[in-house]
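Survey of secondary and tertiary structure
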Amino acid sequence: MGKALIIGCGGVASVAIHKCCQNSEVFEEICIASRTVSKCDALKAKLEGTTKTKITTAQVDADQVEELIALIEKEKPDVVLNLALPYQDLTIMDACLATKTHYIDTANYEPEDTAKFEYSWQWAYRERFEKAGITALLGSGFDPGVTGVFSAYALKHEFDEINYIDILDCNGGDHGYPFATNFNPEINIREVSAKGSYWEDGHWVETEPMEIKKEYNFKEVGQKDMYLLHHEEIESLALNIPGIKRIRFFMTFGQSYLTHLKCLENVGMTSIEPILFEGKEIVPLQFLKAVLPDPASLGPRTKGKTNIGCIFRGKKDGKEKTYYLYNICDHEEAYKETGSQAVAYTTGVPAMIGAMMVMTGKWNKPGVHNIEEFDPDPFMDALNTWGLPWQEDHNPVLVD
Ligand code: NDP
């Protein structure tokens, strides 16, 4: 079918690349390009011989638009799958515009010096992508990603109108460390130490970080504490789900994680403000990242499951109704298959599927679009085929 250029070669990219290589009919060729090319070469060496997909590698600094343009012109991919960090979204979108190449990512743009999660920067590219006749698919991970596809599916098949969505992200995995993050520590800690917020009656309601705590009994995981966070898909779902009254996002955290985080915050280690240390400017959070376990190293140690999904409340044929769509993913099985634990797996699989939807033309809508704007059905089928089967519950316990 075609060729994908995959930028980044961390935890999420590694899973997406494994999955592209299992799906060689669609991904006949991939080029893995990242800042540290040795990581790309090591993954290529691991996968070659196990797949029909032809793999090439390249070094690229994705902060540099000119370097990206040169790489895209050389490789001539059909799609660019951005699995670097959110800081690189706009430079990669610029390069896609210049070369008229489709774009897919899993996280919204964030300026490196401000923890600000919103789509405005990327939505500002809408008209230019439309004019260029290329598609940008934003947020094709799990959350954002599958949560948006679940919402579009629920709206299409189960409801006339959805009024309430609670997104529940539960990680019941245990890696045995007192404190470690399951994906890039800098991005993860920026997310959880920011103020919380949810959408209600047409506006944002802001909370202090971790102010709202609930408990939920997750299937195949058990009872967990979960906390309300701001999360980027709330912003697009609030626009794209007609009749919506409230959207909240909850993530589970264990007490050990929270105690460590509080302590690190209290001593200033989670700050993104640069400080002078022995004559050199350093960002405390980046230093913290350097001393924490590499998320990739958690793979072989993590046991347990994730359970992520959405509880919907709304109306069908004039009657109130509730509906829960979720996926359960086993850390050890994910590791056995791809060498990464379930948090990377649940993001990397939808990233591959999103790239497949755009590359095969199943999703082709010039402009910049969030995932719930597309027909959810082929994506839902692909989740079942490619390792993230979904389950449904027509009578779920609600979050109070
Ligand atoms: P990692 O830190 O493991 O990997 C990031 C990769 O990007 C590394 O290979 C890194 O290179 C590369 N990179 C960083 N800066 C540059 C640059 N300037 N030029 C080229 N390459 C660069 O991150 P994850 O795999 O955990 O996360 C990847 C993305 O997925 C992030 O945007 C994250 O926010 C998102 N995500 C989305 C989720 C969802 O459900 N939607 C869930 C989890 C993550 P190097 O090896 O040199 O450091």
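With an unreviewed UniProt entry as reference, the protein chain is termed Saccharopine dehydrogenase family protein, source organism Blautia hansenii.

What follows covers the overall build of the protein chain. The helix and strand inventory of the protein chain stands at 14 helices and 18 strands. The C-alpha atoms of the protein chain give a radius of gyration of 20 Å, which matches the 21 Å a tight globule of 400 residues would have. Each principal axis of the C-alpha distribution contributes one length, and for the protein chain these read about 55 × 55 × 40 Å. Across the 400 residues in the protein chain, those meeting the buried criterion constitute 57%. Contacts in the protein chain between residues at least 24 apart in sequence constitute 73% of all its contacts with a sequence separation of at least 6. Counting every atom, the protein chain has about 16500 Å² of accessible surface; 49% of that belongs to carbon and sulfur. Separation of charge centres in the protein chain, based on 39 positive and 60 negative side chains, amounts to 3 Å.

Let us now look at the nonpolar core. Side chains that are nonpolar tend, in soluble globular proteins, to be buried together. Ranked by internal contacts, the top residues of the largest apolar core, which has 86 residues, are Phe27, Ile30, Phe150, Phe312 and Ile353. Considering each element in turn, this core owes the most residues, 12 residues, to helix H13 (residues 342–359). Dropping the residues within four chain positions of it, phenylalanine 27 is found in contact with Gly2, Ala4, Cys20, Thr53, Met352, Ala355, Met356 and Met359. Listed in part, the 29 residues of the second largest apolar core include Met93, Tyr125, Leu138 and Val368.

Moving on, we get to a negative patch on the surface. A contiguous patch of negative charge on the surface is contributed by Asp63, Glu112, Asp113 and Glu273. Its location among the elements puts glutamate 112 in the loop between strand S5 (102–105) and helix H5 (120–123). For glutamate 112, a relative accessible area of 41% puts it in the partly exposed group.

Let's shift gears to unusual backbone geometry. Backbone geometry follows two general trends: most residues other than glycine have a negative phi, and most peptide bonds adopt the trans configuration. Here aspartate 143 and proline 144 are connected by a cis peptide whose omega angle stands at 10°. Within the fold, proline 144 resides in the loop between strand S6 (135–138) and helix H7 (146–157). A positive phi angle, close to 45°, is found at aspartate 201, a residue other than glycine. Mapped onto the elements of the fold, aspartate 201 is located in the loop between strand S8 (196–200) and strand S9 (203–207).

With respect to spatial proximity, 28 residues lie near the ligand, and among them Arg35, Thr36, Lys39, Ala62 and Asn184 are the closest. Alanine 84 has a polar backbone atom sitting 3.1 Å from an oxygen atom of the ligand. Protein contact buries 90% of the 930 Å² of open area that the ligand shows by itself. Looking at the shell around the ligand residue by residue, the class counts come to 13 nonpolar, 10 polar and five charged.

Across all of its chains, the model carries 17 aromatic pairs by this definition. An aromatic cluster is built from Phe179, Tyr227, Phe253 and Tyr257, whose rings are joined through pairwise contacts. One cation-aromatic arrangement involves arginine 301 over tyrosine 177; the distance from NZ or CZ to the ring centre is 3.7 Å. Sitting over the face of the ring of phenylalanine 159, lysine 321 holds its NZ or CZ atom 5.4 Å from the ring centroid.

Note that strand S2 (residues 27–34) and strand S3 (residues 54–59) share six bridges and pair parallel. Looking across to S3, one finds that cysteine 31 is bridged to threonine 56. Read as a crossover between parallel neighbours, the route from S2 over helix H2 (residues 37–47) to S3 is right-handed.

Attention now moves to the sheet that holds strand S4 (residues 79–82). Strand order in the open sheet formed by seven strands is S3-S2-S1-S4-S5-S6-S17, with parallel pairing between adjacent strands. Edge positions in the sheet fall to S3 and strand S17 (367–370), since each has one partner strand and no second. Averaged over neighbouring strand pairs, the angle between their axes works out to 20° when direction is ignored. Of the pairings in the sheet, the one linking S4 to S5 comprises four bridges and is parallel in character. Across the sheet, residue asparagine 82 finds its bridge partner in S5, namely aspartate 105. Across the sheet, helix H3 (residues 65–75) lies against strand S1 (2–7), S2, S3 and S4, angled at about 155° from S1, the strand it touches most.

With that out of the way, let us pick up the side chain of threonine 306. Of note, threonine 306 is situated in strand S15 (residues 305–316). Judged by relative accessible area, which is 2%, threonine 306 ranks as buried. Those residues in contact with threonine 306 that lie beyond four places of it in its chain are Cys170, Asn171, Gly172, Asn327, Ile328, Cys329, His331, Ala342 and Thr346.

Quick look at the UniProt feature "domain: Saccharopine dehydrogenase NADP binding" (unreviewed entry) in the protein chain now. The residues that UniProt annotates with the feature "domain: Saccharopine dehydrogenase NADP binding" (unreviewed entry) are residues 5–137. Annotation note: span residues 5–137, helix share 42%, strand share 21%, distance between end C-alpha atoms 15 Å.

A large share of S8 lies buried, amounting to four of its five residues. Of the pairings in the sheet, the one linking S8 to S9 comprises five bridges and is antiparallel in character. Bridge pairing in S9 links serine 197 to glutamate 206. In this structure, the hairpin formed by S8 and S9 is closed by a connection of two residues, where aspartate 201 is found at a positive phi of approximately 45°. In this sheet, strand S12 (residues 246–252) lies alongside S8 in antiparallel orientation, the contact comprising two bridges.

Thresholds, definitions, all that
Residues numbered from 1 in each chain as written. Predicted model: local features only at pLDDT ≥ 70, side-chain atom pairs only at ≥ 80, totals over all residues. Heavy atoms only, no water. Helix = DSSP H or I, 4+ residues; strand = E, 2+ residues; numbered from the N terminus. Rg over C-alpha atoms; globule rule 2.2 N^0.38 Å. Buried < 20%, exposed > 50% of the residue type's maximum accessible area, 1.4 Å probe, protein only. Contact = heavy atoms within 4.5 Å. Areas by Shrake-Rupley, 256 points an atom, 1.4 Å probe, with all protein chains shown as cover. Lys, Arg positive; Asp, Glu negative; His and termini not counted. Charge placed at Lys NZ, Arg CZ, Asp CG, Glu CD. Core = buried A, V, L, I, M, F, W, Y, C linked by side-chain atoms within 4.5 Å. Patch = residues over 30% accessible without salt bridge, like charges linked within 9 Å, V, L, I, M, F, W, Y side chains within 5 Å. Salt bridge = Lys/Arg side-chain N within 4 Å of Asp/Glu carboxyl O. Near = heavy atom within 4 Å. Polar contact = N/O pair within 3.5 Å; in protein donor to acceptor, adjacent residues only side chain to side chain. Nonpolar A, V, L, I, M, F, W, Y, C, P; charged D, E, K, R; others polar. Phe/Tyr/Trp six-rings, centres within 6.5 Å; stacked < 30°, edge-to-face > 60°. Lys NZ or Arg CZ within 6 Å of the ring centre and 35° of its normal. Pairing = 2+ DSSP bridges. Right-handed = clockwise from strand over helix to strand, strands pointing away. Axes fitted to C-alpha atoms, helices over the stretch in contact; angles between N-to-C directions. UniProt positions renumbered as here; feature names shortened; annotations may be inferred.

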